[in-house]
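# Structural overview for review
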Amino acid sequence: MWIILIIFLFCFSVYLSVKLKFQNYKINIKELIRNDKTSLYLTLGTKVGVGSIIGTTSSIIIGGFSSVIWIILFSILTTSIIYYEAYLGRKNRVKLNNDYIGGPNFIVKNKLLSFISLILLLLIYTFMFQMIQMNTISNMILLNINISKKLILIVFLIILLVTINLKIKEILNIMNKIVPIMCLFFIIICLYGIINNYDILLSSIKIYLKDIFSIKSMLCGMIIGIKRSIFMNELLIGTTSLSASTDKNDINISIKYQILSVLFITITMSVLISSLILIYIYNNPIINDYNLLINNIFHTTYGSIGTLFLIIILILFGFTTILSGFYIGKTNIEYLSKLILNIFKLLFIVVTLSGIIINNFFIWKYLDNLIFIMIIINSYSIIKSLGSD
């Protein structure tokens, strides 16, 4: 089924790019720098999570380095879909207090589909994505520090208790401060390791270049890379339209911010992580466990302090995803009914913390199918809107 969906998304992206006259590829960086960046940081907070690092690592383990090429190519191609998601998010947003709220459930005009879309958004992003963050972060801490799971649970419980009492504006203000710092920290750390080992990187590229562009490798990496691109960009999951709806800038600016965040995640992060992996495997065998592999990469590249860098990066990425996940849930619950807000807060804490205990494989087993359904519904929404525009 995923192969059929991928073919559809490929054709749909080409069609939308032609309809847009390829405006989705035009980004004026200077113009974007001058404007309010709240929605950009919210978008990066939702999309730049633990999965951005682990996603690239796991796709290389399964599909080889050619999967990274497909991650980048497919992400660039599907910016046309991101464009329309952001456009519809702005067009269909509604006022909530002094701010705006939107998302996939506001775009779908059918009441039943709108309700299903909201439930799926909450299940996928507000709950299950947070479980994955917690699982990966706790595993990485346990791998490097002699500490009990109970203590990790207590620490994150305190963090979550603080988080659920934050107001919407406070969440956005925190995101504005943390997101640019964490992105810059990640880039500097990765570039430092790459520049210090550029000779090894070049030698490793020469060794693996033939394999990367072989027909067998490209075909194997294609499905893995494209599927991973969908997950990393959260394509048609609903976070793009929701983030765009909060933007107070001109609609064209808010759309470009969504596209810019996608390009940052897929091009910058994928290239940096895959470069570090290439440096590592020049003298070391590749490991099938993605947690252990990324841990070993940072330890080998940066020495004993490397694993500390990794833990800091994962905690920063995970925290912004938790903040944005709670923001998405809270804004939608408040819009529906404030009476169930406390129930939602309790559920958010319990489900998020359960990620420390539950295996990631179990989570992905159900998440995969939910994302598939969500993509179908949101694709339908865009197709319906094209007829009315």
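Our subject is the structure that appears above.
Residues numbered from 1 in each chain as written. Predicted model: local features only at pLDDT ≥ 70, side-chain atom pairs only at ≥ 80, totals over all residues. Heavy atoms only, no water.

Another aspect to go through is the overall build of the chain. On a plain count of helices and strands, the chain comes out with 18 helices and two strands. Against the 2.2 N^0.38 benchmark of 21 Å for 389 residues, the chain shows a C-alpha radius of gyration of 20 Å, consistent with a compact globule. Taken along its principal axes, the extent of the C-alpha atoms in the chain is 55 × 50 × 45 Å. Within the chain, buried positions represent 58% of all 389 residues. Approximately 16,900 Å² of the chain is accessible, and the part contributed by carbon and sulfur atoms is 68%. (Helix = DSSP H or I, 4+ residues; strand = E, 2+ residues; numbered from the N terminus. Rg over C-alpha atoms; globule rule 2.2 N^0.38 Å. Buried < 20%, exposed > 50% of the residue type's maximum accessible area, 1.4 Å probe, protein only. Areas by Shrake-Rupley, 256 points an atom, 1.4 Å probe, with all protein chains shown as cover.)

Each pair of packed helices gets described by two things: the angle between the helix axes and the distance between those axes. Viewed as axis vectors pointing N to C, helix α9 (residues 149-163) and helix α17 (residues 341-354) meet at an angle of 150°, and their least axial separation amounts to 10 Å. Classed by the angle they form, the pair α9 and α17 counts as roughly antiparallel. The way α9 lies across α17 gives a crossing that is right-handed. Together, Leu-153, Phe-156, Leu-157, Leu-160 and Leu-161 of α9 and Phe-348, Ile-349, Thr-352 and Leu-353 of α17 make up the contact between the two elements. Taken together, the residues of the contact of α9 with α17 sort by class into eight nonpolar, one polar and no charged. (Axes fitted to C-alpha atoms, helices over the stretch in contact; angles between N-to-C directions. Parallel < 35°, antiparallel > 145°, perpendicular 65-115°, else oblique. Left-handed = near helix turned anticlockwise from the far one by under 90°. Contact = heavy atoms within 4.5 Å. Nonpolar A, V, L, I, M, F, W, Y, C, P; charged D, E, K, R; others polar.)

Attention now moves to the environment of Ser-274. Assignment of secondary structure puts Ser-274 in helix α14 (residues 251-281). Residue Ser-274 is classed as buried on the basis of its relative accessible area of 9%. Distance from Ser-274 to Ile-328, taken between C-alpha atoms, is 31 Å for residues 54 residues apart in sequence. Beyond its immediate stretch of four places on either side in the chain, Ser-274 contacts Thr-56, Ile-60, Phe-65 and Val-68. Engagement of the side chain of Ser-274 in a polar contact is seen with the backbone oxygen of Val-271, the distance being 3.1 Å. (Polar contact = N/O pair within 3.5 Å; in protein donor to acceptor, adjacent residues only side chain to side chain.)

It is worth spelling out the packing of aromatic side chains at this point. Enumeration over the complete set of coordinates arrives at 14 aromatic pairs. Ring geometry for Phe-185 versus Phe-309: centroids 6.1 Å apart, planes at 75°, classification edge-to-face. Here Phe-309 lies in helix α16 (residues 306-336) and Phe-185 lies in helix α10 (residues 168-196), a separation of 124 residues in the sequence. Measuring from centroid to centroid gives 6.0 Å for Phe-344 and Phe-348, while their planes differ by 40°, and the two rings are tilted. Here Phe-344 pairs with Phe-348, and both are found in helix α17, just four residues apart, close to one helical turn. Here the aromatic residues Phe-127, Phe-326, Phe-344 and Phe-348 are joined through ring pairs into a cluster of three or more. Sitting above the plane of the Tyr-100 ring, Arg-93 keeps its charged end 3.7 Å from the centroid. (Phe/Tyr/Trp six-rings, centres within 6.5 Å; stacked < 30°, edge-to-face > 60°. Lys NZ or Arg CZ within 6 Å of the ring centre and 35° of its normal.)

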